[in-house]
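Structure assessment
What follows is the residue order along each chain.
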Amino acid sequence: MWKYLCTGLAILAFTACHTHKNMPKSDTSAEITNYSLPEGLNVSASFRMFWEAWSSDIEQHGQTPDEYIPSELLKKRFSLREQNGEYLLSGYLHTEKDFDPEALSAIGGMCTAYGDSIYSFAIPLKSLTRFIALPGIRYIESASPVRNRQQPMNTNKPKR
């Protein structure tokens with residue numbers, strides 16, 4: 001009896017999984033894209049944390065990078081700034097000799113050279129997927145917010 005019951009459940013599970021994979025997509029469902037970093041691209045921990053938060057936000061809300069507006073928490077946490085109605089991520093690039101700064105400008109970004117292979121950058125969030133695919137980028141590091149340290153209270157007051 002159990003042999004037939006287990007076999008029947010296995011067939012039912014297989015059929016259910018198989019039919020789910022072949023269901024047609026409706027026009028009203030949001031198309032989800034996998035926003036993953038390229039295998040050969042090295043990034044800082046702060047950029048990876050930003051990328052994961054950004055892609056998770058986009059997927060959860062069913063938005064495209066063009067439609068995305070970051071939350072207040074993301075703006076503060078990753079020092080995103082607004083310029084001309086677009087939110088920009090800034091940081092530093094370590095590049096190879098074949099990096100073309102004009103390619104970054106062509107997708108809406110800005111960069112300043114600080115040597116042969118180090119640049120600071122600012123890129124609109126809507127251009128991030130094109131940014132990480134630019135040739136010649138060896139390492140991306142996103143800027144971190146600067147916070148004032150709290151001064152310890154001085155309990156030894158000077159005597160007058």
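For the structure, see preceding data.
Just so you know, these numbers come straight off a predicted model, no measurement behind them.

Some thoughts on the environment of Asp 116
- Among the structural elements, Asp 116 can be located in the loop between β4 (110–113) and β5 (118–124).
- Among the residues examined, Asp 116 registers a relative accessible area of 80% and is labelled exposed.
- Between the C-alpha atoms of Asp 116 and His 94, which are 22 residues apart in sequence, the distance is 9.3 Å.

Focus: the layout of surface pockets
- Reported here for the largest pocket is a volume of approximately 150 Å³.
- Along the walls of the largest pocket sit Pro 65, Asp 66, Glu 67, Tyr 68, Ile 69, Pro 70, Gly 85, Glu 86, Tyr 87, Leu 125 and Lys 126, which together make up its complete lining.
- Counted by class, the lining of the largest pocket contains six nonpolar, one polar and four charged residues.

Overview of a nonpolar patch on the surface
- A cluster of nonpolar side chains, Tyr 92, Tyr 114 and Ile 118, forms an exposed patch at the surface whose accessible area comes to about 320 Å².
- Within the fold, Ile 118 resides in strand β5.

Quick notes on the rules
Residues numbered from 1 in each chain as written. Predicted model: local features only at pLDDT ≥ 70, side-chain atom pairs only at ≥ 80, totals over all residues. Heavy atoms only, no water. Helix = DSSP H or I, 4+ residues; strand = E, 2+ residues; numbered from the N terminus. Buried < 20%, exposed > 50% of the residue type's maximum accessible area, 1.4 Å probe, protein only. 1 Å grid on protein atoms, 1.4 Å probe; cavity = no way out; pocket = protein on both sides within 12 Å on 5 of 7 lines; lining within 4 Å. Points joined across faces, edges and corners; volume = space filled by probe spheres on them. Nonpolar A, V, L, I, M, F, W, Y, C, P; charged D, E, K, R; others polar. Patch = residues over 30% accessible without salt bridge, like charges linked within 9 Å, V, L, I, M, F, W, Y side chains within 5 Å. Areas by Shrake-Rupley, 256 points an atom, 1.4 Å probe, with all protein chains shown as cover. Salt bridge = Lys/Arg side-chain N within 4 Å of Asp/Glu carboxyl O.

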